[in-house]
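Each chain, written out:
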Amino acid sequence: MEANLVLLKKDGSQKAVPLPSSVTVIGRRHDCDLRIGLPTISRRHCQISQNGASLKVRDLDSAWGTFLNGQRVNGDTAVKAGDYIRIGQLTFVFQIEGKPERILPPEEPEAPAKPKKAAPQAVPDDLAADLEDSFADLDASDSVIAIDESDSDLDDLKDV
């Protein structure tokens, strides 16, 4: 099964990220399959599993939670093409076997989740600049989701 997460950027652009294996762990740690270096992403945030024609997501006890179509994920939760997933403050759409062909943002903006644990500390200015620089040269084949200068996620997180 061909499955992608399509990142919906704040500027309206999108970035497709293929799921690299049948079990994909998303988080900040260097050993995660998809690494996202933002403080609202836990070290091991969530897991996406493919088994034949089914796809499931599971939160890995992340501080900010994982949300599927606006509902907090508890345990293994089935996913279908076009479902929205929020990981930290990033929103993705599941694209499975090329469906949906046209990806639209959620109808109403999702409110930021409150962490169930202590919130991560604000990103210092020098760290935010380093994160932006480290993402600048990446493409969709890399296992790190790139956040470019047009994204305001890092600026938003400084105020947390």
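Keep in mind it's a predicted model, so treat the numbers as computed, not measured. (Residues numbered from 1 in each chain as written. Predicted model: local features only at pLDDT ≥ 70, side-chain atom pairs only at ≥ 80, totals over all residues. Heavy atoms only, no water.)

Asks: How should I be thinking about the sheet that holds strand β11 (residues 90–96) in this particular structure?
Replies: The strands making up a sheet are joined through hydrogen bonds of the backbone, oriented either antiparallel or parallel. Spatially, six strands are ordered β2-β1-β11-β10-β7-β8 in an open sheet, and the strand pairing comes out antiparallel. Each having just a single partner strand, β2 (14–18) and β8 (71–72) make up the two edges of the open sheet. As paired elements, strand β1 (residues 3–8) and β2 share five bridges and run antiparallel to each other. Its bridge partner lying in β2, leucine 8 is registered against glutamine 14. (Pairing = 2+ DSSP bridges. Helix = DSSP H or I, 4+ residues; strand = E, 2+ residues; numbered from the N terminus.)

Asks: Which parts of the structure should I look at to understand the packing of aromatic side chains?
Replies: The relative placement of two aromatic rings is captured by the distance of their centres and the angle of their planes. The full count for this structure, using the stated rule, is zero aromatic pairs. Over the ring of phenylalanine 67 we find arginine 86; its NZ or CZ atom is 4.3 Å from the centre of that ring. (Phe/Tyr/Trp six-rings, centres within 6.5 Å; stacked < 30°, edge-to-face > 60°. Lys NZ or Arg CZ within 6 Å of the ring centre and 35° of its normal.)

Asks: Is there a simple way to think about the side chain of aspartate 83 in this case?
Replies: Structurally, the position occupied by aspartate 83 is in the loop between β9 (77–79) and β10 (84–87). A distance of 2.9 Å separates a polar atom in the side chain of aspartate 83 from the backbone nitrogen of lysine 80. Sequence-distant contacts of aspartate 83, defined by excluding residues within four places in its chain, comprise Leu68, Asn69, Ala78, Phe92, Val93 and Phe94. (Polar contact = N/O pair within 3.5 Å; in protein donor to acceptor, adjacent residues only side chain to side chain. Contact = heavy atoms within 4.5 Å.)

Asks: What exactly am I supposed to notice about the environment of leucine 55 here?
Replies: Tracing the backbone through its elements, the reader meets leucine 55 in strand β6 (residues 54–59). In this view, leucine 55 contacts Ala3, Leu19, Ile48, Ser49, Gln50, Thr77, Ala78, Val79, Phe94 and Ile96; residues no more than four positions away in its chain are not counted.

Asks: Where do I start with unusual backbone geometry in this structure?
Replies: A negative phi angle is the norm for most residues apart from glycine, just as the trans form is the norm for most peptide bonds. In this chain, lysine 99 is followed by proline 100 through a cis amide linkage whose omega measures -10°. By the secondary structure assignment, proline 100 is in the loop between β11 and α1 (125–135). Although it is not a glycine, aspartate 61 sits at a positive phi angle of roughly 60°. Mapped onto the secondary structure, aspartate 61 falls in the loop between β6 and β7 (66–68). By relative accessible area, which is 48% here, aspartate 61 ends up partly exposed. Unlike most non-glycine residues, asparagine 69 shows phi in positive territory, near 50°. Tracing the backbone shows asparagine 69 in the loop between β7 and β8. (Buried < 20%, exposed > 50% of the residue type's maximum accessible area, 1.4 Å probe, protein only.)

Asks: Explain the pattern of salt bridges here, please?
Replies: A side chain with one charge may pair with a side chain of the opposite charge, provided their charged atoms come close. Evaluation of the coordinates by the stated rule reveals four salt bridges. Taking the shortest distance from any N to any O, the salt bridge between aspartate 31 and arginine 29 comes out at 2.6 Å. Residue arginine 29 is classed as partly exposed on the basis of its relative accessible area, which comes to 34%. The closest approach of N and O atoms between aspartate 83 and lysine 80, which form a salt bridge, is 3.0 Å. Of the residues examined, aspartate 83 reaches a relative accessible area of 5% and is grouped as buried. Residue classification places lysine 80 among the exposed positions, given a relative accessible area of 54%. (Salt bridge = Lys/Arg side-chain N within 4 Å of Asp/Glu carboxyl O.)

Asks: Could you clarify how one ought to interpret the state of the cysteines in this entry?
Replies: Linking two cysteines covalently via their sulfur atoms produces the bond known as a disulfide. Considering all chains together, one arrives at zero disulfides under this definition. Here cysteine 32 stays unpaired: no disulfide links it, and the sulfur of cysteine 46, its closest cysteine neighbor, is 9.2 Å away. Owing to a relative accessible area of 5%, cysteine 32 belongs among the buried residues under this scheme. (Disulfide = S-S within 2.5 Å.)

Asks: Honestly, the confidence of the model for the chain in this entry has me stumped. Any pointers?
Replies: Any segment with low pLDDT has predicted coordinates that should not be analysed in fine detail. When pLDDT is averaged across the chain, the result is 79; 67% of the residues are at 70 or more. Within the chain, no element has a lower average pLDDT than helix α2 (residues 153–158), which sits at 42, and none a higher one than β7, at 98. Per-residue pLDDT stays below 50 along residues 146–150; that stretch engages in 13 contacts with residues further than four places along the chain or on separate chains. For residues 152–160, every residue scores under 50 in pLDDT, and the model assigns this stretch 22 contacts once sequence neighbours within four places are set aside. (pLDDT = per-residue confidence, 0-100.)

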